[in-house]
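Architecture and fold: a report
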Amino acid sequence: MLIEVVFLMVLVMLPLFYLVATLGRLQAGAYAASAAAREAGRAYVTAPEEAGASARSVSAADLVFAAHGLPGGAGDVELSCASSPCLTPGSQVEFTSVVRVPLPLVPDFLSGTVPTAVSMSSRHTEPVDAFRGR
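Computed from a prediction, not measured in an experiment: that's the story for all the values here.

**Looking at the side chain of Glu-126**
Along the polypeptide, Glu-126 turns up in strand S3 (residues 117-127). Comment: no salt bridge for buried Glu-126; closest opposite-charge side chain is Arg-42, at 4.4 Å. Side chain to side chain, Glu-126 and His-124 meet in a polar contact 2.6 Å long. Setting aside anything within four residues of it in sequence, one finds Glu-126 in contact with Gly-41, Arg-42, Val-45, Ser-91, Gln-92 and Val-93.

Take a look at the structure:
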């Protein structure tokens, strides 16, 4: 009787542990996508000049991706401006963040059969201060 119970517990608990680990990674990826778009937008609009604003936004997004435990190169941010130049006072800047979250314990050789990663994206619009000094 004891052996059957142990066998059934292992049979039920292993998939449950995998499900919890997978959902945890996906939730971390969703938080990373949202936070990276937000922080990239904030870093961009607070830059003192437009020449270094893109580098600041990419650095901010990379810090967020690293803080959420994603491997290097797993995320990317894209910028779109409502006006030209982007930092025109009163305009808006939109950042889109895309993150590829690798699924745990799925080997790469199965990439043609099953998905090995899930892509998540988030958009954030940040207003440029209307009283920004030029």
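Read on, since the account is not over.
**Here's the deal with helix H2 (residues 53-67)**
The first and last C-alpha atoms of H2 sit 21 Å apart over 15 residues, in line with the 21 Å expected at 1.5 Å per residue. Here H2 has its buried residues at Ala-53, Ser-57, Ala-60, Ala-61, Val-64 and Phe-65. For H2, the angular spread of the buried residues around the axis is 140°, confining them to a single face. Structural note: H2 exposes Leu-63 and Ala-66 on the side pointing more than 90 degrees away from its buried face. In the core, the buried residues of H2 are packed alongside helix H1 (2-45), strand S1 (75-81) and strand S2 (92-102). Count one or two residues on from H2 and you reach Gly-69, which has phi positive near 75°.

**Let's talk about the pattern of salt bridges**
According to the stated counting rule, one finds two salt bridges in the structure shown. The closest approach of N and O atoms between Glu-39 and Arg-38, which form a salt bridge, is 3.6 Å. A relative accessible area of 28% means that Arg-38 is categorised as partly exposed. Between Glu-39 and Arg-42 there is a salt bridge; the shortest N-O distance is 3.4 Å. Of this pair, Glu-39 and Arg-42 are both found in helix H1, three residues apart, which corresponds to roughly one turn of the helix. Given the relative accessible area of 40%, Arg-42 is considered partly exposed. Look at the salt bridges and you will find they share partners, linking Arg-38, Glu-39 and Arg-42 into a network.

Rules used throughout
- Residues numbered from 1 in each chain as written.
- Predicted model: local features only at pLDDT ≥ 70, side-chain atom pairs only at ≥ 80, totals over all residues.
- Heavy atoms only, no water.
- Helix = DSSP H or I, 4+ residues; strand = E, 2+ residues; numbered from the N terminus.
- Buried < 20%, exposed > 50% of the residue type's maximum accessible area, 1.4 Å probe, protein only.
- Lys, Arg positive; Asp, Glu negative; His and termini not counted.
- Salt bridge = Lys/Arg side-chain N within 4 Å of Asp/Glu carboxyl O.
- Polar contact = N/O pair within 3.5 Å; in protein donor to acceptor, adjacent residues only side chain to side chain.
- Contact = heavy atoms within 4.5 Å.
- Expected span 1.5 Å × (residues − 1).
- Arc of directions from axis to C-beta.

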